[in-house]
Amino acid sequence: MYKFLALGLLPYLLGLLNSTRLTFIANDESDTAIALTQIIRGLQPPSIAILALPSLALSDGVFQIDPSVYLDDFLQRLHRSNYNSVVFSKTELFFQHIEKNLQGANECISLILAEPKQLLNSLHDRHLAHRLSLFIFYWGARWPPSSRVIRFREPLRAVVLTRPRKKAFRIYYNQARPCSDSHLLLVNWYDGDNLGLQRIPLLPTALSVYANFQGRIFRVPVFHSPPWFWVTYCNNSFEEDDELNSLDSIKNRKLRVTGGRDHRLLKLLSKQMNFRFKYIEAPGRTQGSMRSEDGRDSNDSFTGGIGLLQSGQADFFLGDVGLSWERRKAIEFSFFTLADSGAFATHAPRRLNEALAIMRPFKQDIWPHLILTIIFSGPIFYGIIALPYIWRRRRVNSDVEHLGKLYYHITYLKEITPRLLNFNPRTVLSAQQMPHQLFQKCIWFAIRLFLKQSCNELHNGYRAKFLTIVYWIAATYVLADVYSAQLTSQFARPAREPPINNLQSLQSAMIHDGYRLYVEKESSSLEMLENGTELFRQLYALMKQQVLRDPQGFFIDSVEAGIKLIAEGGEDKAVLGGRETLFFNVQQYGSNNFQLSQKLYTRYSAVAVQIGCPFLGSLNNVLMQLFESGILDKMTAAEYAKQYQEVAATRIHKDSVQAKSSEAYSHTESYDSTVISPLNLRMLQGAFIALGVGAFAAGLILLLEIAFLKLVQVRLWIQSSRLQWIRHGREV
C-alpha cells in the first residue's frame, strides 16, 4: 500500500521541484503562441530561426516535455504576420545556419526551445556569440535563471522569457547595461489582459546602452612601439614560453606608459565614453601572429596581444594594429585610426665619386652623341669647303700664252720647231688651287671650336662662314653653357647614388649588392611578406637566405630597433614597416641620414576588439567623429611636433657640449649635414685628373714621335751607308 502511495505522490513531488523550470499547460497553448508572436513582432526581424528539439530533457533527466504542443499554433500566427521562419530539430544544422548568416554579416534572431545550459558552451566555442546574433530562450518559469547557474557572458546576446502568471510574460536582457557582469535585467514585459507589449522596440539599442560605460574597466595589451606607445618596462626580461600563461601572470609584469599617439587616443576615448582602462603587457611584446603547430600554421590560435583578445583576456588593442585577412578570422577591427601605407627605409644615398664629376652634367646616353658630333664636324666642314674645288676642277690645253704684251701661238711654234725640240703644252687649272692639308686643318678647327680654344678663320667662303657660325652657336650656347650650368649645380649640390625607392630596386640590391631586409616580428608587415604577391614572396625567400650570413636572422623587436640598426652604420640594411612609423622613428636619428621608399601598398590601422564585440558600433561612432573633425590628424601631428622638439633640444645640448670642449670646431658642420656645400678643390679633382691624363697622353705621343723620328734617321743612315758601299764597290 505504501509503495503505491509513493508512486502516486512522485509526479506531485517532481512538479514541486521543477516549478521554476519550463512548464507548458495545454489549456494555455494559444496564450503562449500569441505572446511569442507579439514579442517577435516587437523585434521586427526579416526572418527567425527556431530550434525545437524533439524531446526537451532537463538537467535531472526526469521531466520531459514536447514543445510541439504550441509550436504549430505559433508558426501559423507568425506566418500570418508575414515573417519567414526556419525550424530546426538538430543543433548542428542550427549552428550551420547561424554561421552562414554571420559570414554574410546578416542579423540572425533565433528562438530556442531548449535548455540554455546545453547550448551556451557550444555557442562560445564556435564563435557564434556575436552582436549580430540574438538568442531568445523561452524559460517559462516565474523567475529567470540564477547567474550562478547559467551565465550569459559577452559577447552573447541573450533574451530570457519568463511567465510569472497567466497571459503575462517578462523579458530579460543580458546587455541592458554596459557592465560585463552578464546579469539579466528586466527591459520589457507582455500582458495579454492589457495592451500587449509595454514598449516597442522590444530591446534597447546597443548604441544607447554603450554610449556611457559608467566607469567600466577595460584591459588593454601594450608594448613599446613609438610613436604609438612609449612604454617603460620595470622588468626588462621576459620569457617566450610565457605567452601561454594566465592573465594573473600577465598582471604581475609591471610597466609604465609615458606617452604616444594611441595613448592620447585611448585617454580621449575613455573621457568621451566614460570608461577606465588598465594596461597589461602583450605576451612576447608583439602584436601577434598565427601560432605554429608541428610546422603548420594554426588558424585558430594567435600569439601576442591578438592572442589575448582572442582568448577573451583583453578588451582593446591599439598601437598600429594593421588589418589583414588572417587577423579578421580571430578578431574584429573598428573604424580605422590611421590610413597608412607600407614602405621600407634604407640609409641615405651615398655621395658619388667626385673624380668623375666632370662626366655627370650629361647622362650616359648623351655622351656618345656628343662625341660623334665632334668627330663628324671636321669631315663635314672639310666637305663643305672642298666640294666647290672638286666641282670646278677642269683640265684645259692653253693654245695661246702671253708674256707681257707679246702673244705666242703654241700651234704655230710646233709646226716650225723640229721634232726633237717638240714639247707638250702646259696644263693649267681653271680655278684656284685647294689649300694645302685642308682635311687636317678642318679636323683641328672643329676640335678647337668645340673646346672653346682660340682659332683663326679657316676659309673666307660664305658656306664655310655660315657653318662656322652654326658650330660656334652650338659649342657656346648648347654645349658649353649647359655643361657649365649643370656642372656648377652639381658642385653646389653633390651627386649621390640613385635611391632605392621600389621593390624591384630593393630586390636587385639584395641580389647584387648584398642588402639585408629586416621586419618586425609578428607584425602585419611580416604577414604581407608571407602572404603577399609574387614579388613579396621573392623578397621573403631572399630574407630566409640571409639567415645563413647573419645569425640574428631578419627579425627585429620593433621598427625603432631597425632604424637604430641602420643609423649605426647599416648602409646595406633595409627595414620594412608602416610609412608613418618609419617616418617618425627616422626623425630621432636625423631624416637626412635615411631614405624612405615609395608607397608600396595601402594599409589601415584600427582598434582591435573581440569577435562579436557588442559596443563596436558606439566605438565606431566616436572614432568617426574624431576623424571627421580632424582630431586624429592633430594628435598625430602633435606627437611629431613633440618628437621634433626633443630632437632639437638634444641637438642643441650636443652643440653646447661640443662648443665648450672645443671652440675651434664650434661653428663647423659635418660634411653630410648640409644640403648645399661650398666649392673646394676636392670637388675639382676630376678636372685636375683630366688635365693630368691629357698631359700624360701628350708626353707619351711626344716620346713616340721622337722615337719614330730617330728610327727614320737610323733607316736613312743605313740606306746612305749601303749606297756609299755600293758606289765604292763599283769604283773599285
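Residues numbered from 1 in each chain as written. Predicted model: local features only at pLDDT ≥ 70, side-chain atom pairs only at ≥ 80, totals over all residues. Heavy atoms only, no water.

With an unreviewed UniProt entry as reference, the chain is termed Ionotropic glutamate receptor C-terminal domain-containing protein, source organism Drosophila erecta. According to the UniProt record, the Sequence similarities (unreviewed entry) comment for the chain is "Belongs to the glutamate-gated ion channel (TC 1.A.10.1) family." Under Subcellular location (unreviewed entry), UniProt gives the following word-for-word description of the chain: "Cell membrane". (UniProt positions renumbered as here; feature names shortened; annotations may be inferred.)

K.L.:
Give me the lowdown on the overall build of the chain, citing residues and values where you can.
P.N.:
What the chain contains, in helices and strands, is 22 helices and 26 strands. When the 732 residues of the chain are sorted by exposure, 41% land in the buried category. Contacts in the chain between residues at least 24 apart in sequence constitute 74% of all its contacts with a sequence separation of at least 6. A total of about 43,000 Å² of accessible surface is found on the chain, and carbon and sulfur atoms cover 56% of it. (Helix = DSSP H or I, 4+ residues; strand = E, 2+ residues; numbered from the N terminus. Buried < 20%, exposed > 50% of the residue type's maximum accessible area, 1.4 Å probe, protein only. Contact = heavy atoms within 4.5 Å. Areas by Shrake-Rupley, 256 points an atom, 1.4 Å probe, with all protein chains shown as cover.)

K.L.:
Tell me about the UniProt feature "transmembrane region" (unreviewed entry) in the chain, and please be specific about residues and values.
P.N.:
UniProt marks residues 366-391, 466-485 and 687-712 with the feature "transmembrane region" (unreviewed entry), using the numbering shown here. Helix makes up 96% of residues 366-391 and strand 0%. Its end C-alpha atoms lie 37 Å apart. Here residues 687-712 is 100% helix and 0% strand, with 37 Å between the C-alpha atoms at its ends.

K.L.:
Kindly report on the confidence of the model for the chain, identifying the contributing residues and their values.
P.N.:
Confidence along the chain averages 78 in pLDDT terms, with 75% of residues attaining 70 or more. In this model residues 57-65 is a low-confidence stretch, pLDDT under 50, and it forms 19 contacts with partners more than four residues away in sequence or in other chains. This stretch, residues 237-247, has a pLDDT under 50; its non-local contacts, to residues over four places away or in other chains, come to 20 contacts. (pLDDT = per-residue confidence, 0-100.)

K.L.:
Let's hear about unusual backbone geometry: which residues, and what values?
P.N.:
The general pattern is negative phi for most residues beyond glycine and trans for most peptide bonds. Of note, the amide linkage connecting glutamate 154 to proline 155 takes the cis form, showing an omega dihedral of 5 degrees. Relative to the assigned elements, proline 155 resides in the loop between β6 (133-138) and β7 (157-165). Here the bond from proline 226 into proline 227 is cis, since omega is 0 degrees, no more than 30 degrees from zero. Mapping proline 227 onto the fold places it in the loop between β11 (216-222) and β12 (230-233). For glutamine 214, which is not glycine, the phi dihedral falls at a positive 55 degrees. Look at asparagine 274: it is not a glycine, yet its phi comes out positive at around 60 degrees. Judged by relative accessible area, which is 36%, asparagine 274 ranks as partly exposed.

K.L.:
Please give an account of the pattern of salt bridges that cites residues and values.
P.N.:
Scanning the entire structure with this criterion turns up 16 salt bridges. Aspartate 73 is the partner of arginine 77 in a salt bridge, and the nearest nitrogen-oxygen pair spans 3.2 Å. In this pair, arginine 77 and aspartate 73 both sit in helix α3 (residues 68-80), four residues apart, roughly one turn of the helix. Here aspartate 262 ties to arginine 261 by a salt bridge, and the two come within 3.0 Å at their closest N and O atoms. For arginine 261, a relative accessible area of 2% corresponds to the buried category. (Salt bridge = Lys/Arg side-chain N within 4 Å of Asp/Glu carboxyl O.)

K.L.:
Give a detailed account of the packing of helix α15 (residues 503-512) against helix α17 (residues 534-545), specifying residues and quantitative values.
P.N.:
When two helices pack together, their arrangement is given by the angle between the helix axes and the distance between those axes. The N-to-C vectors of α15 and α17 enclose an angle of 25 degrees; their axes lie 11 Å apart at closest approach. Taken together, the axes of α15 and α17 are roughly parallel relative to one another. The hand of the α15/α17 crossing is left-handed. Contacts from Leu503, Gln504, Leu506, Gln507, Met510 and Ile511 in α15 reach Leu535, Phe536, Gln538, Leu539, Leu542 and Met543 in α17. (Axes fitted to C-alpha atoms, helices over the stretch in contact; angles between N-to-C directions. Parallel < 35°, antiparallel > 145°, perpendicular 65-115°, else oblique. Left-handed = near helix turned anticlockwise from the far one by under 90°.)

K.L.:
Describe the packing of aromatic side chains, and please don't skip the residues or the numbers.
P.N.:
Tallied over the entire structure, the rule returns 30 aromatic pairs. A ring pair is formed by phenylalanine 335 and phenylalanine 627, whose centres lie 5.6 Å apart and whose planes are at 65 degrees; its orientation type is edge-to-face. One end of the pair, phenylalanine 335, is in strand β17 (residues 332-347); the other, phenylalanine 627, is in helix α20 (residues 616-628), and 292 residues separate them in sequence. A relative accessible area of 35% means that phenylalanine 627 is categorised as partly exposed. (Phe/Tyr/Trp six-rings, centres within 6.5 Å; stacked < 30°, edge-to-face > 60°.)

K.L.:
If you had to explain the environment of tyrosine 279 to someone new, which residues and values would you point to?
P.N.:
Mapped onto the fold, tyrosine 279 is located in strand β14 (residues 275-281). In the structure, tyrosine 279 is positioned 23 residues away from arginine 256 in sequence and 8.3 Å away in space, judged by C-alpha atoms. Beyond its immediate sequence surroundings of up to four residues, tyrosine 279 is in contact with Val220, Val222, Phe229, Leu255, Val257, His263 and Leu266. A distance of 2.8 Å separates polar atoms of two side chains, one belonging to tyrosine 279 and the other to histidine 263. (Polar contact = N/O pair within 3.5 Å; in protein donor to acceptor, adjacent residues only side chain to side chain.)

K.L.:
Talk me through helix α13 (residues 438-450); I want residue IDs and the actual numbers.
P.N.:
Its 13 residues place the ends of α13 18 Å apart at the C-alpha level, agreeing with the 18 Å of an ideal helix rising 1.5 Å per residue. Among the residues making up α13, those that are buried are Leu438, Cys442, Phe445, Ala446, Leu449 and Phe450. Buried residues of α13, viewed axially, fall in a sector of 120 degrees; they line one side. (Expected span 1.5 Å × (residues − 1). Arc of directions from axis to C-beta.)

K.L.:
Quick rundown of the sheet that holds β6? Include the residues and the values.
P.N.:
The strand order across the open sheet formed by eight strands is β4-β1-β5-β6-β7-β8-β9-β10, and the pairing between neighbours is mixed. The strands lining the two open edges of the sheet, one partner per strand, are β4 (84-88) and β10 (196-197). Relative to strand β5 (residues 108-113), strand β1 (residues 47-52) runs parallel, the two being bridged by four bridges. Bridge assignment links alanine 52 to a residue of β5, and that residue is leucine 113. Here helix α4 (residues 91-103) sits on the sheet in contact with β1, β4, β5 and β6, set at roughly 165 degrees to β5. (Pairing = 2+ DSSP bridges.)

K.L.:
Quick one: what's the story with the packing of helix α16 (residues 524-531) against α17, residue by residue and with numbers?
P.N.:
Orientation of α16 relative to α17, taken along the N-to-C sense of each, is 105 degrees, at an axis distance of 6 Å. On the basis of their axis angle, the class for α16 and α17 is roughly perpendicular. Packed against α16, whose contacting residues are Leu526, Met528, Leu529 and Glu530, the element α17 presents Phe536, Arg537, Leu539, Tyr540 and Met543 at the interface. Considered class by class, the residues forming the contact of α16 with α17 number seven nonpolar, no polar and two charged. (Nonpolar A, V, L, I, M, F, W, Y, C, P; charged D, E, K, R; others polar.)

K.L.:
How would you explain the pairing of β6 if you had to name every residue and give the values?
P.N.:
Extensive coverage of β6 is indicated by the burial of six of its six residues. Both faces of β6 are covered, namely the face carrying Ser133, Phe135 and Phe137 and the face carrying Leu134, Ile136 and Tyr138. Sheet topology places β5 next to β6; five bridges connect them, and they run parallel. Following the sheet pairing, serine 110 is matched in β6 by phenylalanine 135. Handedness of the crossover is the feature at issue here: the chain leaves β5, passes through helix α5 (residues 116-125), returns alongside β6, and the resulting connection is right-handed. (Right-handed = clockwise from strand over helix to strand, strands pointing away.)

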